[in-house]
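# Coordinate analysis (summary)
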Amino acid sequence: MTLFSAVSKLGPLRKQLFKALRRGGVEQALALLDHASSSAADETQATLALWKAELYSLSGERGVDVGLKALEWALGKQRSLERDPFFLSLRAELLSYLTEEQPQLAQQARQEALHALGGPAQARYHASCALTNLGDFKEALAAFLALDIAKLPSYLHWRYFSWLAGCLENAGKLEEAAEAYRQAARSAPDADQAIMLMEQAAVNLQLDQTGSAQQILDQAQLLGLQHGLSDLDWANWEYLEAQLQFAQGQLEAAQGHLEQARELDQKQLMGYTLSLLSGQVYSQMGRFDAACQQFQSAVRLASPVDRPYALHELGVAYLEMDATVEAQEVIRQALSHEDYPFLAEGYADLAEAQYRIGDLATAEVSAQYALAQGATLAASLILGAIALDYYNLEEAEEHYARVLEHAISGSQEWITAHQMLASILAQQGFTRISEIAQHAEQALAFTDPSDEWTLTLSAYLKRARDFPSGPGRILN
């Protein structure tokens, strides 16, 4: 049995439902089904119950309980549905929303979703949604890409692109994800179009495409004002505006949008994301006390998956405040999550905390691990500092040369490497005069005149230029 094909005499109702759903009228469609069910035969009632279950599935978590009841009711009317791919795909999708609190349901949902992938397009669509919710993104992406959208009812078209975009985003294919969200917005009705545009803008922000993100957010705002958005949707719009302002360095404006988002998010469903971004904004302002308060809030509100991110941010803020003991503790907590994707950076930050405490041996171990895992710049800076503390100048030179090799020209790491290399070569007896002058000149071009390094580097440069070199000078 497939939706809208099992009972031919329901053709007129099908047209009414399609018309309602094209306008996003799920509630109107459900009312039509309730009216039709009141006088239908058992077989027809089973089909109508399936239709209801699908409509409830479109509401996500909010439709789970009533959706599962509709499926159970349909099964009571027609036992053969238990082997039907469409029935199984709907049950798999609805169950997939419950697996975080009831993990024992995951196996059933996964098995039924995989079975439904052998069914018609509509069953494969809902099975793919279930696999996405279960975290099987690779399988879900492959299933979505294999679907022929022309075989899906029109009200699923924009939803298809939305789910596909989410899978592409998870796979790191951000350009393709942004395009999929754009496609979703093109066919979505009214307020849903604004929501899809917000999703597209969020991906644009990840791609550092702030100009495109601003245009899209402006368009979403206009649509939202025309068609109405929930407070939570407006909170998300404010959050994205805050991200945009943060990316453009407009820190006060970013905090203003975050405050608006908090007022709209009355149930605190966005508490973690708002606190995390607010902490990042305060960090950029140099207000590390306020940043720590926000990151502490983010830690409390975080899901198990998000918690190490918040802990790591808190640890870095503690480092900025020279609260090294606290920094070491919370960074260690972040690193206890073995699947945390920023372990290398975390170990580099842990090494810095250990170095500041004076535990050089442990700091060196942590930094070497961070270096091996790919945190080249941060780890090399710490290893260079440790080598200098041991007065191992040749080793320190190697570490800072590695920083210079990987750092972006003009970045703080690049400036520090030039400063330190000039100092190290000077301490080695001014035997490599042209290199000392080169490092000093490069660093001076980016060093604040009030910085104590300015006097030191200027002295190195003057001595290098005045250094005798036979008949004449090696430098102008």
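Note that the coordinates shown come from a computational prediction; the quantities given were computed from them, not determined experimentally. (Residues numbered from 1 in each chain as written. Predicted model: local features only at pLDDT ≥ 70, side-chain atom pairs only at ≥ 80, totals over all residues. Heavy atoms only, no water.)

### Quick look at helix α25 (residues 452-466)
Here α25 is 15 residues long and its end C-alpha atoms lie 22 Å apart, about the 21 Å a rise of 1.5 Å per residue gives. Along α25, the residues that are buried comprise T454, L457, Y460, L461 and A464. Down the axis of α25, the smallest arc covering the buried residues is 130°, so these residues share one side. Away from its buried face by more than 90 degrees, α25 exposes E452, L455 and K462. Considering only its buried residues, α25 is in contact with α23 (412-427) and α24 (433-444). The backbone nitrogen of W453 has a side-chain oxygen 2.8 Å away, supplied by the residue at the start of α25, namely D451. (Helix = DSSP H or I, 4+ residues; strand = E, 2+ residues; numbered from the N terminus. Expected span 1.5 Å × (residues − 1). Buried < 20%, exposed > 50% of the residue type's maximum accessible area, 1.4 Å probe, protein only. Arc of directions from axis to C-beta. Contact = heavy atoms within 4.5 Å. Polar contact = N/O pair within 3.5 Å; in protein donor to acceptor, adjacent residues only side chain to side chain.)

### Observations concerning the confidence of the model for the protein chain
When pLDDT is averaged across the protein chain, the result is 91; 91% of the residues are at 70 or more. Contacts from residues 1-8, a stretch scored under 50 in pLDDT, to residues over four places away or in other chains number 23 contacts. Low pLDDT, under 50, characterises residues 470-476; the predicted model gives this stretch 10 contacts beyond four residues in sequence or across chains. (pLDDT = per-residue confidence, 0-100.)

### Comments concerning the environment of D233
The topology assignment puts D233 in helix α13 (residues 231-247). Sequence separation of D233 and P120 is 113 residues, and the distance between their C-alpha atoms is 34 Å.

### Examining the nonpolar core
Formed by 88 residues in total, the largest nonpolar core has its most connected members in L50, Y125, F144 and Y160. If you tally residues by element for this core, the top one is helix α11 (residues 190-206), at 9 residues. With residues up to four places along the chain from it excluded, the contact list for F144 reads Y125, S128, C129, T132, Y160, W163, L164 and C167. Of all hydrophobic cores here, the second largest spans 26 residues; its members include A310, A317, Y318 and A327. (Core = buried A, V, L, I, M, F, W, Y, C linked by side-chain atoms within 4.5 Å.)

### Describing the environment of A202
Along the chain, A202 falls in helix α11. It is 9.2 Å that separates the C-alpha atoms of A202 and L217, two residues lying 15 residues apart in sequence.

### Looking at the packing of helix α7 (residues 121-133) against helix α8 (residues 137-146)
With their axes 8 Å apart at the nearest point, α7 and α8 run at an angle of 160° to one another. Between α7 and α8, the interaxial angle falls into the category roughly antiparallel. In this structure, α7 crosses over α8, and the sense of that crossing is left-handed. From α7, Y125, S128, C129, L131 and T132 reach across to α8, where they touch F137, E139, A140, A143 and F144. (Axes fitted to C-alpha atoms, helices over the stretch in contact; angles between N-to-C directions. Parallel < 35°, antiparallel > 145°, perpendicular 65-115°, else oblique. Left-handed = near helix turned anticlockwise from the far one by under 90°.)

### Remarks on the state of the cysteines
This structure, assessed with the given rule, holds 0 disulfides. Looking at C167, it has no disulfide partner, and the nearest cysteine sulfur is the one in C129, 8.5 Å off. (Disulfide = S-S within 2.5 Å.)

### Looking at the side chain of S96
For S96, the position within the fold is in helix α5 (residues 85-96). Among all residues touching S96, those that are not within four sequence positions of it are A109, A130, N133 and L134.

### Description of the pattern of salt bridges
Under the definition given, this model contains 11 salt bridges. With a shortest N-O distance of 2.8 Å, R356 and D322 are connected by a salt bridge. A residue pair is termed long-range when its members are at least 10 positions apart, and R356 in helix α19 (residues 343-357) and D322 in the loop between α17 (307-320) and α18 (324-335) qualify at 34 residues. You can call R356 partly exposed: its relative accessible area is 35%. (Salt bridge = Lys/Arg side-chain N within 4 Å of Asp/Glu carboxyl O.)

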